[in-house]
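# Commentary on secondary and tertiary structure
These are the residues of each chain, in order.
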Amino acid sequence: MTTQTGTSPATGSAPAAGSRRLATDLRQYGILAALVVIIGLFEVLTGGRLLMPGNVNNLIQQNSYVLILAIGMVMVIIAGHIDLSVGSAVAMIGAVAALAMSEWHLPWWLAVIVSLLVGAVVGAWQGFWVALMGIPAFIVTLAGMLLFRGLTLIFLHGGTIGGLPNEFVAIGAGWLPSWLGKIGRVDVLTLVLGLLACAALVALQLVARAGRRRLDLPVEGAASFWVKIALAVVAIMAVCWQLANYSGTPIILIILAVLVVAYSFLLNRTVFGRHVYAMGGNLFAAVMSGVKTSRVNFAIFVNMGVLAALAGVVSTARAGSAVASAGQNYELDAIAAVFIGGAAVQGGVGTVTGAVIGGLVMGVLNMGLSILSVDAAWQMAIKGLVLLLAVAFDLINKRRGGR
């Protein structure tokens, strides 16, 4: 199907459309290219230590909390809100999980369920004030940050609860058993899971591309499409190879993969996801179109509470104990990951994969600078500069697109 829109009068070609598509591709993959550049830079500066098997494993486990929070935070920011309370919620719910096992003597799996339910209650509490009472999310979650931090201190009496069950600790610091055995030091299960992930990725991308063609929607160029697929496959298998040469597949990696797939589907393929984008893009138009904004806002904050609870479980499990100081600045890391991943400050724009990539950028920066023994103060300054540049880059692209 051809149209005259954007075609050249002399030749009938479509250079303007091609230029727009190229610009869109560059914006879409710019953050991914930045991640590759940062990894390459630190790999050189650290003398090849950044991508050693143990460091790749630690990169996943140490940054799992920010990736989980970023998945929920991107929905909050797309809808035009912000949540400053997630770090304190992580600490409080981690304390609840530890109390459930050490003092209430619940089995570890029931303690996890209780923690997730508490997270849902936390989200419902904040969703009530935002969605039903109309108080700005900034104020509600700022109050929540203070409230939940205070409750954490009350629950833990300012101390620490340790001695948690090994099964619980494995959630944040364990690996899948080597069910398929090993070839030398290489875990076969990890490689098989990597191959399955690659096959699923290719299939999903092809199905999505075919769907866009059937609807006569624009698709990216074939060269760009297949280069993207090839690079993704190489990256997945490279990570799996490094993990297979260490201790195998971290349990938290499976949890993260499920969350990324589920929330990508939720945002891109459901009515609820379209309503979230509509609210952030133009709230008045969304209301006039019949979107039940109060229900959507309430659901967004309940979801954020549940994911904060999951992050609390994971961070407590990895530490092996609940401490009153847990969750410090987690909300800032999650927000930074979302904005670095391409979300718009005004709302209406953002993706789950972008937020995850933004979280990995922060994680690689943290690990690379730590390996280089850079002072913690300088690490904070560098991360702040990266966040500022990411948002500035997004605004510049939008202005160019507007012109």
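Before reading on, note that the structure itself is shown above.
Residues numbered from 1 in each chain as written. Predicted model: local features only at pLDDT ≥ 70, side-chain atom pairs only at ≥ 80, totals over all residues. Heavy atoms only, no water.

Inspection of the secondary structure assignment puts I252 in helix α10 (residues 251–269). The exposure class assigned to I252 is buried, which follows from its relative accessible area of 0%. Distance in space between the C-alpha atoms of I252 and A170 is 8.8 Å, their sequence separation being 82 residues. Residues contacting I252, with those up to four places away along its chain left out, are I60, Q61, S64, I68, I171 and V314. (Helix = DSSP H or I, 4+ residues; strand = E, 2+ residues; numbered from the N terminus. Buried < 20%, exposed > 50% of the residue type's maximum accessible area, 1.4 Å probe, protein only. Contact = heavy atoms within 4.5 Å.)

Here the focus is the nonpolar core. Counting residues in hydrophobic clusters, the biggest one holds 76 residues, and the most contacted among them are I68, L69, M73, F168 and V338. The leading source of residues in this core is helix α3 (residues 64–78), at 13 residues. If we ignore the near neighbours within four places in the chain, the residues touching M73 are D83, V86, M304, A334, I335 and V338. (Core = buried A, V, L, I, M, F, W, Y, C linked by side-chain atoms within 4.5 Å.)

On to the packing of helix α11 (residues 271–281) against helix α13 (residues 293–319), then. Closest axis-to-axis distance for the α11/α13 pair is 10 Å, and the angle between their directions is 105°. Considering the angle they form, α11 stands roughly perpendicular to α13. Contacts between α11 and α13 involve F272, H275, V276 and M279 on the former and, on the latter, T293, V296, N297, A299 and I300. Looking at side-chain class alone, the contact of α11 with α13 contains 6 nonpolar, 3 polar and no charged residues. (Axes fitted to C-alpha atoms, helices over the stretch in contact; angles between N-to-C directions. Parallel < 35°, antiparallel > 145°, perpendicular 65-115°, else oblique. Nonpolar A, V, L, I, M, F, W, Y, C, P; charged D, E, K, R; others polar.)

Below, the discussion takes up helix α14 (residues 330–340). Of all 11 residues making up α14, 10 are buried, and the element is well covered by its neighbours. Listing the buried residues of α14 in full gives Y330, E331, D333, A334, I335, A336, A337, V338, F339 and I340.

Shape is all these values report; function is a separate question.
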